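Report on the structure
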Amino acid sequence: MTQGTTSKQLLHLVMGGRVTDPRTLEFENPEEIDVVGVFPSYTAAVDAWRGAAQRTVDDAEMKYVIVHLHKLLDPEAEGV
């Protein structure tokens, strides 16, 4: 970041695990959720999500998601 510019940090969490129903986001065992990581941009989060989801593509009960942490931390925040 250069001097004189401001950019809000848009944090994203990638996590996943076995769900009770593939149509929902109710995790079967929340203690066993796989936290892939926290990423500084949506693009980086999508790359991480894609990698995790592809590793479990043959298991319909495994689901990975991107959580927009910046929207939880600041509901007025703009951005993806």
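The paragraphs below set out a description of the structure included in this document.

Below, the discussion takes up the overall build of the protein. Of regular secondary structure, the protein possesses 2 helices and 3 strands. Across the protein, helices and strands are ordered from the amino to the carboxyl terminus as β-β-α-β-α. Of all 80 residues assigned to the protein, the portion counted as buried reaches 26%. Just so you have it, the protein exposes about 5700 Å², and 53% of that area is on carbon and sulfur atoms.

On to the nonpolar core, then. Note on soluble globular proteins: their nonpolar side chains tend to be buried together. Leu13, Met15, Val19, Phe27, Val65 and Leu69 form the largest nonpolar core, which has 6 residues in total. Excluding residues within four positions of it along the chain, Met15 makes contact with Phe27, Ile33, Asp34, Val35, Val36, Lys63, Tyr64, Val65 and Val67.

What counts and how
- Residues numbered from 1 in each chain as written.
- Predicted model: local features only at pLDDT ≥ 70, side-chain atom pairs only at ≥ 80, totals over all residues.
- Heavy atoms only, no water.
- Helix = DSSP H or I, 4+ residues; strand = E, 2+ residues; numbered from the N terminus.
- Buried < 20%, exposed > 50% of the residue type's maximum accessible area, 1.4 Å probe, protein only.
- Areas by Shrake-Rupley, 256 points an atom, 1.4 Å probe, with all protein chains shown as cover.
- Core = buried A, V, L, I, M, F, W, Y, C linked by side-chain atoms within 4.5 Å.
- Contact = heavy atoms within 4.5 Å.

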